[in-house]
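Structure at a glance
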Amino acid sequence: DYRYDYSTSFVALRGVFHFGFFDTGGFDLYAGIHTGVRFWNDNFDSDFVNVSNNGNYFVHDVFAGGRYFMTENFGFFAEVGYGTSFLKAGISLKF
């Protein structure tokens, strides 16, 4: 019997430039960078051995994306990048 746990989180600063020339109503085109620190921890536990590791390292990312607002406050976004992740997609909310 064994168990493996892994957790990761990061804290980063993100800078984004929004291209104002591409204004077609609810569409927003942007590009940016972020940099920060990722923290990780893993643990392997079995009847024979228990191994635990943790650490942190710097992360950097460049990305480009777009978002489309279907209403004034609700929309969707998609980003491509290099560094932290290659593809992101989700929901955008304005408050």
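Data block above holds the structure.
Okay, so let's go over this structure.

Scoring rules and cut-offs
- Residues numbered from 1 in each chain as written.
- Predicted model: local features only at pLDDT ≥ 70, side-chain atom pairs only at ≥ 80, totals over all residues.
- Heavy atoms only, no water.
- Helix = DSSP H or I, 4+ residues; strand = E, 2+ residues; numbered from the N terminus.
- Rg over C-alpha atoms; globule rule 2.2 N^0.38 Å.
- Buried < 20%, exposed > 50% of the residue type's maximum accessible area, 1.4 Å probe, protein only.
- Contact = heavy atoms within 4.5 Å.
- Areas by Shrake-Rupley, 256 points an atom, 1.4 Å probe, with all protein chains shown as cover.
- Phe/Tyr/Trp six-rings, centres within 6.5 Å; stacked < 30°, edge-to-face > 60°.
- Lys NZ or Arg CZ within 6 Å of the ring centre and 35° of its normal.
- Lys, Arg positive; Asp, Glu negative; His and termini not counted.
- Salt bridge = Lys/Arg side-chain N within 4 Å of Asp/Glu carboxyl O.
- Polar contact = N/O pair within 3.5 Å; in protein donor to acceptor, adjacent residues only side chain to side chain.
- Pairing = 2+ DSSP bridges.
- Axes fitted to C-alpha atoms, helices over the stretch in contact; angles between N-to-C directions.

Looking only at helices and strands, the protein chain features zero helices and five strands. Along the protein chain, helices and strands appear, N-terminal first, in the series β-β-β-β-β. Compactness check: the protein chain gives a C-alpha radius of gyration of 19 Å against a globular reference of 12 Å for 95 residues, more than 25% above the reference. The principal-axis extents of the C-alpha atoms in the protein chain amount to approximately 60 × 25 × 25 Å. The buried share of the protein chain, taken over its 95 residues, is 19%. Long-range contacts, defined here as pairs at least 24 residues apart, represent 45% of the contacts in the protein chain between residues at least 6 apart. Surface accessibility of the protein chain: about 7,100 Å² in total, with carbon and sulfur atoms responsible for 62%.

It is worth spelling out the packing of aromatic side chains at this point. Applying the stated criterion to the full structure yields five aromatic pairs. The side chain of Lys88 reaches across the aromatic face of Phe63, ending 5.8 Å from its centre. Positioned above the aromatic ring of Phe69 is the side chain of Lys94, whose terminal nitrogen or guanidinium carbon lies 4.5 Å from the ring centre.

With respect to the helices, strands and loops of the structure, Arg38 is situated in strand E2 (residues 27-46). Of the side chains with opposite charge, Asp61 comes closest to the buried, unpaired Arg38, at an N-O distance of 8.3 Å. A distance of 3.5 Å separates polar atoms of two side chains, one belonging to Arg38 and the other to Thr8. Ignoring anything within four residues of it in the chain, the contact list for Arg38 reads Thr8, Ser9, Phe10, Gly55, Asn56, Tyr57, Val59 and Thr84.

This brings us to the pattern of salt bridges. Under the defined criterion, the tally for this structure stands at five salt bridges. A salt bridge links Asp5 to Arg3; its shortest N-O distance comes to 2.9 Å. Judged by relative accessible area, Asp5 falls into the partly exposed class, the value being 33%. Residue Arg3 is classed as exposed on the basis of its relative accessible area, which comes to 54%. Between Asp28 and Arg67 there is a salt bridge, with the nearest N and O atoms lying 2.9 Å from each other.

This part takes up the sheet that holds strand E1 (residues 2-19). Strand order in this open sheet of five strands is E1-E2-E3-E4-E5, and the pairing throughout is antiparallel. Strand pairing shows two members of the sheet lacking a second neighbour, E1 and strand E5 (87-93), which therefore form its edges. In this sheet, neighbouring strand axes are inclined to one another by 30° on average, regardless of whether the strands run parallel or antiparallel. Where E1 and E2 come together, 18 bridges link them in antiparallel fashion. Paired with Ser9 across the bridge in E2 is Phe39.

So, about the side chain of His34. Within the secondary structure, His34 sits in strand E2. Excluding residues that lie within four positions of it along the chain, His34 makes contacts with Phe10, Ala12, Leu13, Arg14, Val59, His60, Asp61, Phe63, Thr84 and Lys88.

Geometry only, nothing functional implied.
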